[in-house]
Each structure stands twice: as C-alpha cells, then as structure tokens.
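Below, each chain spelled out in residue letters.
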Amino acid sequence: MTGTAPQDPENEGDSALRAWRTIGPLMDLITPMALRTAATLGIADLLADGSGRTDDLARSSGTDPDALRRMLRHLVAHGVFTEPEPGLFRLNDTAELLRSGHPEQLRRRLDLDGFGGTMDLAFTSLMHTVRTGEPAWETVFGAPFWPYLAAHPDMAASFDATMSSAAAFVTDAARGYDWSTARQVTDVGGGRGVLLAELLETHPSLRGTLLDLPETAERGREALAARGLTDRCEVIGQSFFDPLPDGADVYILSGVVHDWGDAQARAVLRRCAEAAGEHGRVVVIETSTDDPAAFAEMDLRMLVLAGGRERSVEEYTALAADCGLRVAGAHTTPLGQVILDCVGRPATETGRPEAGGARF
C-alpha cells in the first residue's frame with residue numbers, strides 16, 4: 001500500500017504565506033483603483049488646502065465618509081498618505097505626487113474622469129486582446145479608439161491635454177534635432193501644437209503648419225493664438241492618411257507612428273514621404289528605453305488601446321525603407337526619446353511611395 005507522507009501544518013502555512021507574498025503584489029487591483037479614485041477626487045489637493053479630517057474630506061469631495069476612510073487607510077498601508085491619528089490624514093512624499101500642481105502631472109494621468117484614468121479601464125478586457133489580437137478598447141467603450149475620441153469631444157480634449165502635459169519631454173524633443181536649416185516645418189498629427197509652439201518660439205525665423213483632425217486642430221489653433229504665434233503658423237484640419245500639403249522642409253511625426261500597426265504606420269509615413277519629396281525630410285520622434293519591462297508595458301498598452309506597437313530603431317528603419325525613406329541618422333535624446341532623421345530616395349532609385357492607407 002502506498003501513499004503520501006503527512007504534511008506539516010506549520011510548513012503548509014509558511015508555504016502559503018510565501019506564495020501569497022510572491023503573487024499578491026502582481027494580482028492586486030484594489031490599490032491601483034484606490035490610487036486613481038483618490039487622484040480623481042483631488043484628495044491630495046484637499047489635504048494641502050484644508051483639514052485632513054475624514055468628515056471634512058468627504059464633505060469637500062462629495063463622498064461617503066466611511067467608504068472614504070476605508071479607502072484612504074488602504075492607501076496608507078501601501079505608503080500613500082499617512083494617518084497620524086484615527087480619521088486624520090496627511091500628505092507624504094508619495095501623496096504629493098498626486099497634487100494638481102506637481103510638475104509631473106501624474107494626477108492628470110490617473111484621473112478617472114479624464115483620458116488618463118479612463119484608458120486604463122480598457123485593460124479589463126485584456127482577455128479579448130490576447131484571444132483575438134485586436135484592441136480591447138472597443139469592447140469596453142463601444143467604438144474603436146480614434147472614432148470614440150472623435151465622438152466624445154471632452155475625452156478628446158483630455159487626451160490632447162494628457163499627451164502634451166510632459167513639458168520636459170517637449171523641450172527635450174525640440175532640442176534633440178538641428179532645425180537651423182529649416183524654414184518651414186509641418187507637425188503631422190501634432191495635437192494642440194505644443195511641440196510646434198516650442199519650435200517657433202525658440203527659432204524666430206521658422207514658420208510652421210499644424211495638421212491634425214479638425215476638432216483637435218481647432219484646439220491647436222486656439223493654443224497657438226494664445227501664445228501669439230498665429231502669424232507664423234497655419235493650422236489644417238484633416239486626416240494624415242489623406243494627401244498632405246507639400247512644400248515644408250521637415251515633416252514631423254512625434255509620438256504618432258507607435259499609435260498604429262504596421263499597415264497604418266506605413267500609410268502615414270508614405271503620405272509624409274510624398275509631401276517631402278526628394279528634398280524634404282521626415283523626422284520621427286518616439287519614446288525609447290533600454291528597460292525591457294517599460295518597453296513591454298508600453299507595447300502591450302498600445303495594442304490594447306488602438307492596435308499600435310512599440311518598435312526598435314531597426315524596426316522603424318525598416319518601416320521607413322518600405323515607404324521610400326532612408327534613415328540618415330538616429331540618436332537618443334537626454335530624456336530617452338529616439339529621433340530618426342529620414343530623407344527621401346530619388347524616384348529613379350525606389351519609385352514614388354504608394355498612396356493610400358486606411359482612413360480613420
């Protein structure tokens with residue numbers, strides 16, 4: 001007769017505890033949602049400006065005092081906020097990151113009432129993406145990513161603001177390329193024109209064109225006017241999958257190509273190659289990282305949201321070559337953005353890039 005040896009209950013308990021401590025931080029959904037809820041409610045701002053008593057915080061934030069207390073105690077246990085006495089909460093260094101005025105603008109990226117927090121909710125249907133290879137956004141919000149933004153102006157405006165909130169990266173991109181020989185630049189898919197405004201303000205002889213979908217372009221027009229740049233900048237509202245206006249010395253694609261799968265990425269690169277011709281340049285600016293975990297996270301995020309993907313410099317170079325462009329130089333900026341300087345190949349060498357591509 002055979003059987004297994006009896007297990008030591010104490011050892012079983014130790015094993016279960018070790019397993020929980022290993023997998024617990026990876027499975028936790030409570031803390032990420034609690035952090036986003038605190039950011040959305042502006043709890044860090046309320047603590048900075050007034051009483052930290054739970055009843056006062058609940059009154060100011062329009063929440064239930066008991067539920068708010070429980071949530072904040074959970075965050076305290078994870079190092080966000082402190083509770084020096086029962087029912088009294090205070091800021092700590094981690095909670096300071098959630099204040100609206102913090103230069104990193106992390107509250108905007110966690111706000112469940114805006115794009116920053118909303119986009120993370122798409123991951124509740126990650127199973128759909130893994131099973132089908134298709135973005136999860138549509139299954140959660142009822143429409144593909146870009147049409148959804150077009151149909152929800154408030155969310156689209158929040159998306160624009162989120163994408164342009166990292167001022168240091170805008171400056172880093174603007175300083176990362178030699179614009180001195182350019183007279184005219186076109187920022188393709190340039191959002192509210194934050195990068196273009198930076199270029200125009202730092203290069204007084206430069207003229208620019210901002211090109212994006214009509215609603216976004218209009219917000220860009222207003223932002224550029226507020227900075228006194230109207231007389232040096234044209235604003236065009238159209239899809240970048242349609243033919244682009246020619247005549248610019250440089251066509252900029254900043255944070256655009258990674259939004260799309262390979263077929264659509266080729267389509268927009270071809271449009272830029274067509275407009276740039278043999279003498280213009282196409283400057284592709286994307287994030288770059290040597291951290292495999294950060295690359296993997298963003299690569300998955302782009303797939304889940306819109307079907308995009310992160311790429312290596314070699315992969316961007318291959319995409320450009322498919323579209324009649326040659327990468328004349330590539331380098332990484334101090335903040336880790338990669339800038340690829342692409343030039344057109346003569347038509348006799350490669351043929352003109354094919355027109356076309358999906359329209360979104």
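Notes on the structure in this doc start here.

1. Things to note about the packing of aromatic side chains
So, step 1. Counted according to the given criterion, the structure contains 15 aromatic pairs.
So, step 2. Seen in terms of ring centroids, Phe115 and Phe159 are 4.9 Å apart; in terms of plane orientation they differ by 85°. Their pairing is edge-to-face. Residue Phe115 is found in helix H8 (residues 115–121), and its partner Phe159 is found in helix H12 (residues 153–163); the two are separated by 44 residues along the sequence.
So, step 3. By relative accessible area, which is 14% here, Phe159 ends up buried.
So, step 4. Among the aromatic residues, those joined into a cluster by ring pairs are Phe115, Trp137, Phe141, Phe145, Trp146, Tyr148, Phe159, Phe240, Phe241 and Trp260.

2. Things to note about the nonpolar core
So, step 1. Residues Phe145, Phe240, Leu253 and Val282 are the most contacted members of the largest nonpolar core, which totals 46 residues.
So, step 2. In terms of residue count, the dominant contributor to this core is helix H16 (residues 262–276) (eight residues).
So, step 3. Leave out the neighbours within four places in its chain, and Val282 touches Tyr251, Leu253, Cys272, Ala273, Ala276, Leu325, Leu340, Asp341 and Cys342.
So, step 4. By size, the runner-up hydrophobic cluster in this structure holds 25 residues, among which are Val170, Ala173, Ala174 and Leu195.

3. A short note on the pattern of salt bridges
So, step 1. Under the criterion given, the structure shown has 18 salt bridges.
So, step 2. Put simply, Arg183 and Asp249 hold a salt bridge, and the shortest N to O gap is 3.8 Å. On the criterion of sequence distance, the pair formed by Arg183 in the loop between helix H13 (167–175) and strand S3 (184–188) and Asp249 in the loop between strand S5 (233–237) and strand S6 (250–254) is long-range, its members being 66 residues apart.
So, step 3. Since its relative accessible area comes to 62%, Arg183 is described here as exposed.
So, step 4. Shared partners join several salt bridges into a network, and the residues in it are Arg36, Asp120, Glu297 and Arg301.

4. As for the packing of helix H4 (residues 54–61) against helix H5 (residues 65–77)
So, step 1. One can describe the packing of H4 onto H5 by two numbers: an axis separation of 9 Å at closest approach and a directional angle of 110°. Considering the angle they form, H4 stands roughly perpendicular to H5. Here H4 contributes Thr54, Asp55, Leu57, Ala58 and Ser61 to the contact with H5, which in turn contributes Pro65, Leu68, Arg69 and Leu72.
So, step 2. Considering only residue class, the contact of H4 with H5 consists of five nonpolar, two polar and two charged.

5. Section: H16
So, step 1. For H16, which comprises 15 residues, the first-to-last C-alpha distance of 21 Å matches the rise-based estimate of 21 Å (1.5 Å per residue) to within 8%.
So, step 2. Listed in full, the buried residues belonging to H16 are Ala265, Ala267, Val268, Leu269, Arg270, Arg271, Cys272, Ala273, Ala275 and Ala276.
So, step 3. Contacts made by the buried residues of H16 are with S3, S6, strand S7 (281–287), helix H18 (313–322) and strand S8 (325–332).
So, step 4. Positive phi shows up at Gly277, right after H16, with a value of about 65°.

6. With respect to the packing of H16 against H18
For any two helices packed against each other, the geometry comes down to the angle between their axes and how far apart the axes lie.
So, step 1. Contact pair H16 / H18: the axes reach a minimum separation of 9 Å and the direction vectors enclose 60°. Relative to H18, the element H16 is oriented oblique. Note that H16 runs across H18; the crossing there is right-handed. Within the contact between the two elements, H16 uses Asp262, Ala265, Arg266, Leu269 and Arg270 and H18 uses Leu319, Ala320 and Asp322.
So, step 2. Of the residues belonging to the contact of H16 with H18, the class tally is four nonpolar, no polar and four charged.

7. Topic: helix H17 (residues 292–306)
So, step 1. For H17, with 15 residues, the first-to-last C-alpha span of 21 Å sits near the 21 Å given by 1.5 Å per residue.
So, step 2. Buried within H17 are the following residues: Arg301, Met302, Val304, Leu305 and Ala306. Angular distribution of buried residues about the axis of H17 spans 170°; they occupy a single face of the element. Along H17, exposed side chains directed more than 90 degrees from the buried face belong to Pro292 and Ala293.
So, step 3. Contacts from the buried residues of H17 go to H8, helix H9 (126–132), helix H10 (137–141) and helix H11 (145–151).

What counts and how
Each chain has its residues counted from 1, running along the sequence as written. Local features in this predicted model are restricted to residues whose pLDDT is 70 or higher, and side-chain atom pairs enter the listing and the counts only when it is 80 or higher, whereas totals over whole chains, interfaces and linings include all residues. Calculation of side-chain values draws on the structure's entire complement of heavy atoms; hydrogens and water are dropped beforehand. Two rings belonging to Phe, Tyr or Trp (six-membered ring only in the last case) form a pair when the distance between their centres is within 6.5 Å. Interplanar angles under 30 degrees mark stacking, angles over 60 mark edge-to-face geometry, and anything in between is tilted. Under the scheme used here, helices are H or I runs from DSSP no shorter than 4 residues and strands are E runs no shorter than 2 residues, and both carry numbers assigned from the N terminus. Think of it in three bands: residues with accessible area under 20% of the maximum for their type are buried, residues over 50% are exposed, and the middle band is partly exposed, with areas taken using a 1.4 Å probe on protein chains only. Put simply, a nonpolar core is a bunch of buried Ala, Val, Leu, Ile, Met, Phe, Trp, Tyr and Cys residues held in one set by side-chain atoms that sit within 4.5 Å of each other. Only heavy atoms matter for contacts: two residues are in contact if any of them lie within 4.5 Å across the pair. We count a salt bridge whenever a side-chain nitrogen from Lys or Arg sits within 4 Å of a carboxyl oxygen from Asp or Glu. Fitted lines through C-alpha atoms give the axes, limited to the stretch in contact for helices. The angle between two N-to-C directions lies from 0 to 180 degrees. The cut-offs work like this: below 35 degrees is roughly parallel, past 145 is roughly antiparallel, 65 to 115 is roughly perpendicular, and the gaps in between are oblique. Any residue that is not Ala, Val, Leu, Ile, Met, Phe, Trp, Tyr, Cys, Pro, Asp, Glu, Lys or Arg is counted as polar, Gly included; the first ten are nonpolar and the last four charged. Working rule for helices: expected span equals 1.5 Å times residues minus one. Should the near helix be turned anticlockwise from the far one by less than a right angle, the crossing is termed left-handed; should it be turned clockwise, right-handed. By arc we mean the arc of the directions from the helix axis to the C-beta atoms, nothing more.

Purely spatial values, then, with no claim about function.
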